[in-house]
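Overview (structure and organization)
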Amino acid sequence: MRVVVVGGGVLGTWHAWEAVRRGHQVVQLEREQEGRGASVRNFGLVWVSGRSSGPELDAALRARQRWGQLDVPGIGFRPDGSLTVCRTDEELAVAKEAANHADATKRGFELLDAEQTRQKNPALQGDLLGSLWCERDAIVEPRKVLPALRAQLDQANYRFLSGREVREVAEGKVRDDHGDTHEADAVFVCTGAWHSGLIRELVPNLPARRVRLQMMQTAPLDLRLTTAVADADSFRYYPAYQGWQWQTPQAATARDHAMQLLMVQREDGGLTIGDTHEYVEPFGFDVQTEPYDYLRQVVEQLLGRPMPPVVRRWAGVYSQAANPDDLVVRREVLPGVRVVTGPGGRGMTLSPAIAETSIEEAGL
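The sections below set out a description of the structure shown in this document. Numbers given for residues are sequential positions, taken from 1 along each chain in its written order. Local features in a predicted model are, by the rule used here, given only for residues with pLDDT of at least 70; side-chain atom pairs are given and counted only at 80 or more, and totals for whole chains, interfaces and linings are based on all residues. Here the side-chain values reflect all heavy atoms present in the structure, with hydrogen atoms and water set aside.

1. Observations regarding the packing of helix α1 (residues 10–21) against helix α11 (residues 347–361)
Interaxial angle, 0 to 180 degrees, is taken between N-to-C directions of lines fitted to C-alpha atoms, where a helix line uses only the stretch in contact. Labels follow the DSSP assignment, with helices taken as runs of H or I lasting at least four residues and strands as runs of E lasting at least two, numbered in each case from the N terminus. Two numbers describe how α1 lies on α11: the axes approach to 8 Å, and their chain directions differ by 40°. Between α1 and α11, the angle is such that the two are oblique. Seen along the crossing, α1 lies across α11 with a hand that is right-handed. Where α1 approaches α11, its residues Val 10, Leu 11, Trp 14, His 15, Glu 18, Ala 19 and Arg 21 are matched on the opposing element by Gly 347, Met 348, Ser 351, Pro 352, Ile 354, Ala 355, Glu 356, Ser 358 and Ile 359. Broken down by class, the residue content of the contact of α1 with α11 amounts to nine nonpolar, four polar and three charged. Roughly parallel covers angles under 35 degrees, roughly antiparallel covers those over 145, roughly perpendicular covers 65 to 115, and oblique covers all other angles. Working rule for handedness: look at the near helix, and if it is turned counterclockwise from the far one by less than a right angle, call the crossing left-handed; if clockwise, right-handed. In what follows, residue pairs with any heavy atoms lying within 4.5 Å of each other are defined as contacts. All residues other than Ala, Val, Leu, Ile, Met, Phe, Trp, Tyr, Cys, Pro, Asp, Glu, Lys and Arg, Gly among them, are scored as polar; the first ten of these are nonpolar and the last four charged.

Dropping the structure here:
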């Protein structure tokens, strides 16, 4: 069948991948020359640990399996797991509760003391009491994933057309701003945080919001981080840990910017560090220094040494389903035309499973 995918981010690219894998002819349209949104402005984490119990966790585990099965050079897949590091007795108590949860084995959770934490990741030589280890978490290289996946697609069945903004989607066809019309038996519109224009026409009351975040990357660290690292503010943020009645307030900067620490080492040794969350539009166009200073302090406390110099800072925006129980917003807006958006910061984690479901629902 003829399939058109609108959007060149990770969610759209996985829809293209699944369609080509099933033998369909795919045209993928991207308005930029290359994906520049949340798909590349992220940690590259396949983050099973924080997902809520039930369908979300099942989807994350399925997607994690798919990432691990890919034989695609260049994506930088590493099944390194993660450590959520605890520096207070209360944080350690939350980690212990998570490690004793009914689905802890499913997630690969294990409670570690300080010595075990440093054995798992020797770079963590700073102030800590222990950690929650998650075996299922993994890492990919976000700035390399999209071209690497496209390079492996069967070129006889696949075309990627960049610099093409879609102007019209109708039953059986898609028209772009070059005046070209692409015939289609199935269309998947996966345009991420772009909620205006075409998307507003297709779904006038899209049940999704946009979220802005700030991140940074350092020069190479002369030690290897053998795992991804989070701080215990993640327990306050991710749904897997909800329900704990915190006695200790969050640090003011972290609270004001809805922050947690996530830290991942890139293949070149640099550290990707973040992040903040801003939920009310209009978003600022600048980045704020205070969150970066706070993150530096936390990183240096965990590493027990100065953080490498920061070489770049950036902001990103992602689309999040308004209903927290929804993995994604998926709507058939016309016969054979589906809008798929709003994975909410889980695009890298969940896209393989979301795309698989979309393709199956479309009867492909």
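Further notes follow.
2. Observations regarding α11
In α11, a bend of some 30° at Ala 353 exceeds every other bend along the element. When accessible area is computed with a 1.4 Å probe and restricted to protein chains, residues below 20% of their type maximum are described as buried, those above 50% as exposed, and intermediate ones as partly exposed. The element α11 is largely enclosed, with a buried count of 12 among its 15 residues. For α11, the set of buried residues is Gly 347, Met 348, Thr 349, Leu 350, Ser 351, Pro 352, Ala 353, Ile 354, Ala 355, Glu 356, Ser 358 and Ile 359. Two residues or fewer past α11, Gly 363 is found with a positive phi of approximately 75°. A residue's bend is simply the angle between two axes: one fitted to the seven residues ending at it, one to the seven starting at it.

3. Brief notes about unusual backbone geometry
Cis geometry marks the peptide bond from Gly 274 to Asp 275; its omega dihedral reads 0°. Its location among the elements puts Asp 275 in the loop between β16 (271–274) and α10 (289–303). The step from Glu 281 to Pro 282 runs through a cis peptide bond, and the omega angle for that step is 5°. As for its position among the elements, Pro 282 is in the loop between β16 and α10. One non-glycine residue, Ala 258, lies in positive phi territory at about 50°.

4. So, the nonpolar core
Soluble globular proteins tend to bury their nonpolar side chains together. Only buried Ala, Val, Leu, Ile, Met, Phe, Trp, Tyr and Cys residues count toward a nonpolar core, and they belong to the same one when joined by side-chain atoms within 4.5 Å. Of all hydrophobic cores here, the largest spans 42 residues; its most connected members are Val 3, Trp 14, Val 26, Trp 67 and Leu 70. At the level of secondary structure, the elements contributing two or more residues to this core comprise β1 (2–6), α1, α2 (55–69), α6 (142–152), β12 (186–189) and α11. Here this core takes seven residues from α1, the largest share from any one element. Filtering out sequence-adjacent residues up to four positions away, Trp 67 remains in contact with Val 10, Trp 14, Val 46, Ile 75, Phe 77, Val 140, Val 145, Met 348, Thr 349 and Pro 352.

5. Description of the sheet that holds strand β2 (residues 25–30)
As summarised here, the arrangement of the six strands in space is β8-β2-β1-β12-β19-β18, forming an open sheet in which the pairing is mixed. Sheet topology places β8 (158–162) and β18 (329–334) at the edges, where each strand pairs with a single neighbour. Neighbouring strand axes in the sheet, compared pairwise and without regard to direction, differ in orientation by 15° on average. Strand pairing is assigned whenever DSSP identifies at least 2 bridges connecting the two strands. Note: β1 against β12, four bridges, orientation parallel. Paired with Val 3 across the bridge in β12 is Ala 186.

6. Thoughts on the layout of surface pockets
Its boundaries defined by the atoms lining it, the second largest pocket holds a volume of some 220 Å³. Elements with a contribution of two residues or more to the lining of the second largest pocket: α3 (89–99) and α8 (233–237). For the lining of the second largest pocket, the per-class residue count stands at six nonpolar, three polar and six charged. A cavity, in this analysis, means grid points on a 1 Å lattice covering only the protein atoms where a 1.4 Å probe fits yet has no way out; a pocket is instead an open set bounded by protein on both sides within 12 Å along at least five of seven lines, and a residue lines either one if it has an atom within 4 Å of a point. Grid points are joined across faces, edges and corners, and a volume is the space filled by probe spheres set on the points.

7. A few points about the pattern of salt bridges
Salt-bridge detection follows one rule: a side-chain nitrogen of Lys or Arg within 4 Å of a carboxyl oxygen of Asp or Glu. Under the criterion given, the structure shown has 30 salt bridges. Of the charged contacts, one joins Glu 18 and Arg 22 as a salt bridge, the two residues approaching to 2.5 Å between their closest N and O atoms. Using a relative accessible area of 0% as the deciding quantity, one classes Glu 18 as buried. Two residues, Arg 78 and Glu 141, come together in a salt bridge whose shortest N-O distance is 3.0 Å. Taken together, the positions of Arg 78 in the loop between α2 and β4 (82–86) and Glu 141 in the loop between β7 (138–139) and α6 put the pair 63 residues apart, joining distant regions of the chain. Take Arg 78: its relative accessible area is 16%, and that puts it in the buried class. Glu 141 gets classed as buried once you look at its relative accessible area, which sits at 5%. Three or more residues are tied together by salt bridges with common partners; here these are Glu 18, Arg 21, Arg 22, Arg 62, Arg 66, Glu 356 and Glu 360.

8. Some remarks on the environment of Leu 334
Secondary-structure assignment places Leu 334 in strand β18. Here the alpha-carbon distance between Leu 334 and Asp 293, two residues 41 residues apart in the chain, equals 48 Å. The residues touching Leu 334, leaving out its near neighbours within four places in the chain, are Val 169, Ala 170 and Glu 171.

9. Structural notes on the pairing of strand β13 (residues 208–218)
Judged by how many residues are buried, β13 sits mostly within the fold: nine of 11 residues are covered. Note: β13 against strand β17 (residues 310–321), 11 bridges, orientation antiparallel. Among the inter-strand pairings, Arg 210 is bridged to a residue of β17, identified as Ser 319. Bridge count for β13 against β16 is three bridges, and the pairing is antiparallel. Paired with Gln 217 across the bridge in β16 is Thr 272.

10. Describing the environment of Thr 191
Residue position: Thr 191 is located in the loop between β12 and α7 (198–202). Placed 121 residues apart in sequence, Thr 191 and Arg 312 show a C-alpha to C-alpha distance of 26 Å. Among all residues touching Thr 191, those that are not within four sequence positions of it are Val 6, Ile 199 and Val 340.

From the geometry alone we can't say anything about function, so treat these as descriptive.
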